[in-house]
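Examination of the molecular architecture
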Amino acid sequence: MKKRVAFYTLGCKLNYSETSTIARSFENKGYDRVDFTDRADMYVINTCSVTENADKRFKRLVRQAQTINPEAFVAAIGCYAQLKPQDLADVHGVDLVLGASEKFKILDYINDLSKNDFGVIHSCEIEEADFYVGSYAIGNRTRAFLKVQDGCDYKCTYCTIPLARGVSRSDTLVNVLKNAKEISEQGIKEIVLTGVNIGDYGKGEFGNKKHEHTFFDLVKALDKVEGVHRFRISSIEPNLLKNETIDFVAGSKTFVPHFHIPLQSGSDDLLKQMKRRYLTDLYVDRVKRIRKKMPHACIGVDVIVGFPGETDKHFLETYNFLNELEISYLHVFTYSERDGTAAAIMPQVVPKNVRSKRSKMLRGLSVKKRRSFYESQLGNKRTVLFESENKEGYIHGFTDNYIKVKTPWNPELVNTLHEVTLSDIYEDGLVQINFVLNEVWA
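An account of the accompanying structure is given in this report. (Residues numbered from 1 in each chain as written. Predicted model: local features only at pLDDT ≥ 70, side-chain atom pairs only at ≥ 80, totals over all residues. Heavy atoms only, no water.)

The terminal C-alpha atoms of helix α1 (residues 13–28) lie 23 Å apart, and with 16 residues this matches the ideal 22 Å at 1.5 Å per residue to within 8%. Every buried residue of α1 is accounted for by L14, N15, S17, E18, T19, S20, T21, I22, A23 and F26. Immediately beyond the C-terminal end of α1, within one or two residues, lies G30, with a positive phi of roughly 95 degrees. (Helix = DSSP H or I, 4+ residues; strand = E, 2+ residues; numbered from the N terminus. Expected span 1.5 Å × (residues − 1). Buried < 20%, exposed > 50% of the residue type's maximum accessible area, 1.4 Å probe, protein only.)

Here we come to the pairing of strand β3 (residues 42–47). Taking burial as the measure, the 6 residues of β3 include 6 buried ones, the bulk of the element. A two-sided burial pattern is seen for β3, the buried positions comprising M42, V44 and N46 on one face and Y43, I45 and T47 on the other. Here strand β1 (residues 4–9) pairs with β3 via 5 bridges, running parallel. When the bridges of β3 are listed, F7 appears paired with V44. Where β3 and strand β4 (residues 73–78) come together, 6 bridges link them in parallel fashion. Counted as the bridge partner of V44 is A75 from β4. (Pairing = 2+ DSSP bridges.)

By size, the foremost hydrophobic cluster in this structure holds 62 residues, and its most contacted members are L146, L193, L222, I290, L322 and L362. When neighbours within four sequence positions are excluded, L362 is seen to be in contact with V303, V305, F315, Y319, L322, L330 and V332. Formed by 23 residues, the second largest nonpolar core is a distinct cluster that contains F36, V62, A72 and L88. (Core = buried A, V, L, I, M, F, W, Y, C linked by side-chain atoms within 4.5 Å. Contact = heavy atoms within 4.5 Å.)

With that settled, the discussion passes to the sheet that holds strand β14 (residues 298–305). Strand order in the open sheet formed by 3 strands is β13-β14-β15, and the pairing between neighbours is parallel. Unpaired on one side and paired on the other, β13 (258–264) and β15 (329–334) mark the two borders of the sheet. Across the sheet, the mean angle separating the axes of adjacent strands is 20 degrees when strand polarity is ignored. When β14 meets β15, the two strands line up parallel, connected through 6 bridges. Looking at the pairing, V303 lines up with V332 of β15. (Axes fitted to C-alpha atoms, helices over the stretch in contact; angles between N-to-C directions.)

The next point concerns the side chain of D223. Considering the arrangement of structural elements, one finds D223 in the loop between α7 (215–222) and β12 (230–233). As a buried residue without a salt bridge, D223 has its nearest oppositely charged side chain in K253, at a separation of 5.6 Å. Ignoring any residue separated from it by four or fewer positions in sequence, one finds D223 in contact with F248, S252, K253, T254 and F255. (Lys, Arg positive; Asp, Glu negative; His and termini not counted. Salt bridge = Lys/Arg side-chain N within 4 Å of Asp/Glu carboxyl O.)

This part takes up the pairing of β12. In β12, alternate side chains face the same way, and those of R230 and R232 on one face and F231 and I233 on the other are all buried. Bridge count for strand β11 (residues 190–194) against β12 is 4 bridges, and the pairing is parallel. Counted as the bridge partner of E190 is R230 from β12.

Turning our eyes to something else, we now look at the packing of helix α11 (residues 312–324) against helix α12 (residues 352–377). For any two helices packed against each other, the geometry is given by the interaxial angle and the distance between the axes. Where α11 meets α12, the closest approach of the two axes is 11 Å, and the angle between their N-to-C directions is 5 degrees. Taken together, the axes of α11 and α12 are roughly parallel relative to one another. Contacts between α11 and α12 involve D312, F315, Y319, L322, N323 and E324 from the first element and R358, M361, L362, L365, K368 and K369 from the second. For the contact of α11 with α12, the residue count by class is 6 nonpolar, 1 polar and 5 charged. (Parallel < 35°, antiparallel > 145°, perpendicular 65-115°, else oblique. Nonpolar A, V, L, I, M, F, W, Y, C, P; charged D, E, K, R; others polar.)

So yeah, pure geometry; function would need other evidence.
Given below as structure tokens:
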């Protein structure tokens, strides 16, 4: 009988793209991929170093796998496996721990899937993680996550990602275009570009630090790929989001008017403490440029609360800065100490109850901002890509500018693009639509 393997991914879209590529390598070797809740011969958990309580979530997943099949081989891979390999190897039931480089060679480290007496670790020094492995994930029939870049050369004082993933390096432009074409041939309508620091694309493309291509070159080349209806930029640093890219997206046939731009703090004092590569003036400039070129664009923001030294004054600076800025939603992260980072030993630690209160305030602001953005778009015509699930009698979808809509379930709508008018907002916050007559179904 074929061996059965199951995967679980913690963390970001980049992790999802890598899990999918690793899973395909198992399938190519004759394994059957099953759901993590099914009985499998092997369970692979792709870990995250950013997620709070990463160790607790990991232990819970190991227990779940062992409950389903006590004889199953359990492997831990990814960022947390690179940073804390012994911690994961010590978890009862874990057989194999693979770090940043080794995870892509997982098939070389397993044999008959017999359980080990203890967790075996294969984890390189992070300086050795200097090669690139391309990957992409097809999460459902409508959208794919395409990895174009990995690692980071920035030294933000709160972040473990350079320790977990190594230096900044990129896929070749030729390979990115090949993967995009492969995705389009599977009937996928939207591709989301992912990486650790995708605006740094081009660095390390040919094994050195010279930029053979830039992120702008990448965007221009992808715009010409036939068969892809939409490209979405997942997240890009404000200092790397150049005017030329903004202007190009404004006139692009495939890149959608949606930007997610990390801010982290609205206080210049804290941005300096974080060792970010910009100040608030530059951030305002980027938002204004987008609004000028694409008044209808959706702009998302990452922000951290409770960073060491964040006083009430600093927090109010951030709150007021975001409140006055014409943005669309927030992703709010509550600061948590990470071993090996400069911030972990900084003085003026913010009490956890204060962090929680500030996080709640910004989450409330995000709800207000999203509602305001949705209301500003009512009456407009937008194109919606519908997803594949039946959710309580409704099908959901996203407009090009990232407005979530729903309409009564119709299986014929799955993975199709439709021009609609945004008509009203339901009680749950999603947007009601009317279909435009004489539209072309795609």
